[in-house]
Amino acid sequence: MWQQKTIHLQARNRGFHLITDEIEQQLPQLSQYSVGILQLFIQHTSASLTINENADPTVRHDMEKHFNHFVPERAPYYQHTYEGDDDMPAHIKASTLGCSIMVPISKGRLALGTWQGIYLGEHRDFGGQRRIIATLQGELG
């Protein structure tokens, strides 16, 4: 069976945010699947999705610091600058990390590892509300 839903995330500050619980809360139909796949696609070019450490918040802090160092603002070769200093770096970070992830579903739950969580990478200072298209596919149990 296939199902699809748009998930709306509240506006967040720039950084990496653990959104696993929010995704699960907005997808109560996960519990219907005995086996399947959840695909998440963010409909923005300045935010990303990835999976990483869910327990220690310093990982999210360090991810933000690393990407800000790796992709600095105001690089002299940026031409796309009219939307602010954070815009072009946000596009680069989003392309580097990606706009979608796939997570297996097992016995009605996301089959993430013990220390894994879903991250929203918010790469703009004021990115606003974000939309994610969630597509579920699998066998109902």
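The numbering scheme is per chain: residues are counted from 1 as the chain's sequence reads. In keeping with the model being predicted, local features are shown solely for residues with a pLDDT of at least 70 and side-chain atom pairs are shown and tallied solely at 80 or more, while totals for entire chains, interfaces and linings include all residues. Think of the side-chain values as coming from all heavy atoms in the structure, minus any hydrogens and water.

By the naming in an unreviewed UniProt entry, the protein is Secondary thiamine-phosphate synthase enzyme, taken from Vibrio sinaloensis DSM 21326. UniProt positions are given in the numbering used here, feature names are shortened, and annotations may be inferred rather than shown by experiment. UniProt, in its Sequence similarities (unreviewed entry) section for the protein, records the words "Belongs to the UPF0047 family."

(A) Looking closely at helix α3 (residues 87-97). With a 1.4 Å probe rolled over the protein chains alone, any residue whose accessible area is under 20% of its type maximum counts as buried; one over 50% counts as exposed, and the rest are partly exposed. Helical segments are the DSSP runs of H or I of at least four residues, strand segments are the runs of E of at least two, and each set is numbered from the N terminus. The set of residues buried in α3 consists of D87, P89, A90, H91, K93 and A94. We call two residues in contact when some of their heavy atoms are within 4.5 Å. Buried positions along α3 lie against β4 (47-53) and α2 (57-70). Two residues or fewer after α3 comes G98, characterised by a positive phi angle close to 110°.

(B) Main features of unusual backbone geometry. One non-glycine residue, R74, lies in positive phi territory at about 60°. Locating R74 in the fold gives a position in the loop between α2 and α3. Looking at R74, the relative accessible area reads 57%, which means it is exposed. We note that K107 has phi near 55°; this positive angle belongs to a residue other than glycine. Tracing the sequence through the fold places K107 in the loop between β5 (100-106) and β6 (109-110). What makes K107 exposed here is its relative accessible area of 76%.

(C) Structural detail: the sheet that holds strand β1 (residues 2-9). DSSP calls a pair of strands paired once it identifies at least 2 bridges connecting them. Strand order in this open sheet of five strands is β1-β8-β3-β5-β6, and the pairing throughout is antiparallel. Bordering the open sheet on either side are β1 and β6, each of which pairs with just one other strand. Relative to strand β8 (residues 130-140), β1 runs antiparallel, the two sharing eight bridges. Considered in β8, the bridge of W2 is made with Q137.

(D) Focus on the nonpolar core. Only buried residues count toward a nonpolar core, which is a set of Ala, Val, Leu, Ile, Met, Phe, Trp, Tyr and Cys residues joined through side-chain atoms within 4.5 Å. Judged by nonpolar contacts, the single largest core of 21 residues is most densely connected at I19, I23, L27, L38, L40 and I132. The greatest single-element share of this core, amounting to four residues, is contributed by strand β3 (residues 33-42).

(E) Main features of the packing of aromatic side chains. Think of it this way: a Phe, Tyr or Trp ring, Trp meaning its six-membered ring, pairs with another when their centres are within 6.5 Å, and the plane angle makes it stacked under 30 degrees, edge-to-face over 60, tilted otherwise. Per the counting criterion, the structure on display carries four aromatic pairs. Ring centres 5.9 Å apart and planes at 45° place the aromatic pair F16 and F67 in the tilted group. Separated by 51 residues along the polypeptide, F16 in strand β2 (residues 15-18) and F67 in helix α2 bring together distant segments of the chain. An identical accessibility class is assigned to F16 and F67; each is buried. When the centroid spacing of 6.3 Å and the interplanar angle of 85° are considered together, the rings of F67 and F70 count as edge-to-face. Note that F67 and F70 are positioned in helix α2 at a spacing of three residues, about one turn of the helix. When its relative accessible area of 9% is taken as the criterion, F67 is described as buried. One aromatic cluster is present, formed by F16, F67, F70 and Y119 through successive ring pairs.

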